[in-house]
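# Topology and contacts: notes
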Amino acid sequence: MTIILFGAVGTLISFSIISLGAIQLFKKLDIGFLEIGDYLAIGAIFSATDSVCTLQVLNQDETPLLYSLVFGEGVVNDATSVVLFNAIQRFDLSHFTSDIALQFAGNFLSLFFASTLLGVFIGLLSAYIMRKLYFGRHSTDREVALMIVMAYLSYIMAEMFYLSGILTVFFCGIVMSHYTWHNVTESSRVTTKHTFATLSFVSEIFIFLYVGIDAWDIEKWRVVSDSPGTSVGVSSILLGLVLVGRAAFVFPLSFLSNLTKKSESDKIGFKQQIIIWWAGLMRGAVSVALAYNQFTMSGHTQLRGNAIMITSTITIVLFSTMVFGLMTKPLISFLLPPKPYSSMMSSSEPSSPKSFSVPLLANGHDLEIEGAGHSTPAPTNLRMFLTTPSHTIHHYWRKFDNAYMRPVFGGRGFVPHIAASLTERDAPQLQ
């Protein structure tokens, strides 16, 4: 619930502050004509965060709550920003009225929930196929191929129905990790883990290359070369609005979230709030892509105002990534000094499918067995955090999940343990 609060409600607050601030402050600068839709698009563009730097520094086992909040909020934030941006582009906002505002809100909510439901449906469909249908069962090649195809299918269908692909893929991934992941063999889990990790790493490299190449977009820089002061002013204003917009929801929403927590360990401390605020200051490829979509035609523009917005976006992305990114590790080390015991425990547990596949909606008894003869390592803080029973929405969801969902779609404890495919087990005998 806190992740949705930060990722959805927080993004809307940041979007409002950045849009309203741009409307009021840009009037004092000579940047050319911008419509109301452009200002709202600016709010959506600079509400999209990039928390990769912080996630690389945070210790998942030592600070499970903080890691989960930063990771989950980052994904939901990007999805919400893209949905907002798509909703803005669907309306003619030159004559903004109360009726258009209601239609805009309705369109945003319909896009958000339709994308979510589509992702959940595709995820459940993949789990059902893996559990009930025979083709591909216990064959590593086919299982991995089916998981990749079903994940990509969710994105294709979202684009086909003009929904949010990133939001659909996100919820499809959650459902697949909770159900589909446990319906395949152990070797398929290992292969899937490394396949997606490799694809993710390669994609991140291409994204940073894309942003770096865009930084040398000579056409845009030539247009704004006659007024460097205006470009610097726009970048400074937008960076200030990003700082204020981020703080405007992190600290108040953290306070509200803490009011609903009874245990002190579940509450978000002030130092953790600072890290969450800092993690959302970086801007990345999503902001650049949305800016090019809004202010260029097929990547080109000769309008001064549009060129200023493109160059300002690139400037903020580079500045936040290099300056804020370099300061992330020292800041986290200062606010949350690493504990020797936690570091030894986390480093002693190798990265494996068992540690990797701790389900987002785990059950307390799930960690007891993985199969006869398999030793279970001592639970880490992350596992204990995810499996501690409490009378919350999560608690009642687990009861419903055990009674109705997992018997149909599978999951940990509801499928037999199969270490490898039939071909792999029979290979030594054939030799």
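Residues numbered from 1 in each chain as written. Predicted model: local features only at pLDDT ≥ 70, side-chain atom pairs only at ≥ 80, totals over all residues. Heavy atoms only, no water.

## Observations regarding the overall build of the chain
Applied cut-off: Only DSSP runs of H or I covering at least 4 residues are called helices, and only runs of E covering at least 2 are called strands; the numbering of each starts at the N terminus. Three labels apply to residues, based on accessible area from a 1.4 Å probe with only protein chains included: buried if under 20% of the type maximum, exposed if over 50%, partly exposed otherwise in between. A 1.4 Å probe and the Shrake-Rupley method give the accessible areas. Residues count as covered only by the protein chains that appear here.
Looking only at helices and strands, the chain features 18 helices and 0 strands. Across the 431 residues that make up the chain, the buried fraction comes to 48%. Total accessible area computed for the chain in this model is approximately 21600 Å², and 69% of it derives from carbon and sulfur atoms.

## Considerations on the confidence of the model for the chain
Rule in force here: Confidence of the predictor at the level of single residues is given by pLDDT, which spans 0 to 100. Two residues form a contact once any of their heavy atoms are found within 4.5 Å.
Taken as a whole, the chain shows an average pLDDT of 79; of its residues, 81% reach a score of 70 or greater. Low pLDDT (under 50) marks residues 342-387, which in the prediction has 82 contacts with non-local residues, meaning those over four places away or in another chain. Across residues 421-431 the pLDDT falls below 50, and counting only partners more than four positions away or on other chains, this stretch makes 9 contacts in the model.

## Structural notes on the layout of surface pockets
Quick note on the threshold: Both site types are read off a 1 Å grid over the protein atoms alone. A 1.4 Å probe that fits but cannot get out defines a cavity, while an open set with protein on both sides within 12 Å along at least five of seven lines defines a pocket; lining residues have an atom within 4 Å of a point. Grid points are joined across faces, edges and corners, and a volume is the space filled by probe spheres set on the points. Residues were grouped as follows: Ala, Val, Leu, Ile, Met, Phe, Trp, Tyr, Cys and Pro as nonpolar; Asp, Glu, Lys and Arg as charged; and all remaining residues, including Gly, as polar.
For the second largest pocket, the calculated volume is near 220 Å³. Among the elements that line the lining of the second largest pocket, the one with the most residues is helix H13 (residues 304-335), at 3 residues. Taken together, the residues that form the lining of the second largest pocket break down as 5 nonpolar, 3 polar and 2 charged.

## Some details on the packing of helix H1 (residues 2-25) against helix H4 (residues 64-89)
What counts, and what does not: Between N-to-C directions, angles span 0 to 180 degrees; the directions come from axes that are lines fitted to C-alpha atoms, helices contributing only their stretch in contact. Orientation labels follow simple angle bins: below 35 degrees gives roughly parallel, above 145 gives roughly antiparallel, 65 to 115 gives roughly perpendicular, and whatever is left gives oblique. If you view the pair so one helix is near and one far, a crossing is left-handed when the near helix is turned anticlockwise from the far one by less than a right angle, and right-handed when it is turned clockwise.
Where H1 contacts H4, the axes come no closer than 8 Å and their chain directions differ by 45°. As the angle between them shows, H1 and H4 are arranged oblique. Note that H1 runs across H4; the crossing there is right-handed. Touching Thr2, Ile3, Ile4, Phe6, Gly7, Ala8, Thr11, Leu12 and Phe15 of H1 are Ser68, Leu69, Gly72, Glu73, Val76, Asn77, Thr80, Ser81, Leu84 and Ile88, all from H4. Grouping the constituent residues of the contact of H1 with H4 by class yields 10 nonpolar, 8 polar and 1 charged.

## Quick notes on the pattern of salt bridges
Threshold: By salt bridge we mean one thing: a side-chain nitrogen of Lys or Arg within 4 Å of a carboxyl oxygen of Asp or Glu.
Enumeration according to the criterion identifies 3 salt bridges in this entry. The partner of Glu73 in a salt bridge is Arg246, with the nearest N and O atoms 2.8 Å apart. Here Arg246 lies in helix H10 (residues 228-259) and Glu73 lies in helix H4, a separation of 173 residues in the sequence. Like Glu73, the residue Arg246 is buried in the burial classification.

## What about H4?
In plain terms, the rule: Residue count minus one, scaled by 1.5 Å, sets the expected span of a helix.
The first and last C-alpha atoms of H4 sit 38 Å apart over 26 residues, in line with the 38 Å expected at 1.5 Å per residue. With respect to burial, H4 is a largely interior element, 22 of its 26 residues being buried.

## Looking at the nonpolar core
Proteins that are soluble and globular tend to have nonpolar side chains buried together. Note the threshold: Each nonpolar core is a collection of buried residues, namely Ala, Val, Leu, Ile, Met, Phe, Trp, Tyr and Cys, held together in the definition by side-chain atoms within 4.5 Å.
Counting 92 residues, the largest nonpolar core has Phe26, Ile42, Phe46, Leu238, Ile276 and Met309 as its most contacted members. Ranked by residues supplied to this core, first place goes to H4 with 13 residues. Filtering out sequence-adjacent residues up to four positions away, Phe46 remains in contact with Ile18, Leu238, Val242, Arg283, Met309, Thr313 and Ile316. Ranked by size, the runner-up nonpolar core spans 6 residues in total, among them Leu124, Ala127, Tyr179 and Met405.

## Some details on helix H2 (residues 36-45)
Since the α-helix packs 3.6 residues into each turn, any two residues three or four apart lie on the same face. Counting buried residues in H2 gives 9 out of 10 residues, a clear majority hidden from the surface. Among the residues making up H2, those that are buried are Gly37, Asp38, Tyr39, Leu40, Ala41, Ile42, Gly43, Ala44 and Ile45. Here the buried face of H2 lies against H1, H4, H10, helix H12 (285-295) and H13.

## A few points about the packing of aromatic side chains
Geometry of an aromatic ring pair is reported as the spacing of the ring centres plus the angle between the planes. Using the following cut-off: For this analysis, a ring pair means two rings from Phe, Tyr or Trp (six-membered ring only for Trp) whose centres lie within 6.5 Å, classed as stacked if their planes differ by under 30 degrees, edge-to-face if by over 60, and tilted for the remaining angles.
Applying the stated criterion across every chain, the model contains 14 aromatic pairs. For the ring pair Tyr128 and Phe409, a centre distance of 6.5 Å and an interplane angle of 65° mean the geometry is edge-to-face. Highlighted residues: Tyr128 in helix H5 (residues 98-132) and Phe409 in helix H17 (residues 393-409), separated in sequence by 281 residues. The exposure class assigned to Phe409 is buried, which follows from its relative accessible area of 15%. Both rings, one in Phe170 and one in Phe171, keep their centres 5.1 Å apart while their planes meet at 70°; by these two values the pair is edge-to-face. When its relative accessible area of 16% is taken as the criterion, Phe170 is described as buried. Classification of Phe171 by relative accessible area gives buried; the value is 14%.

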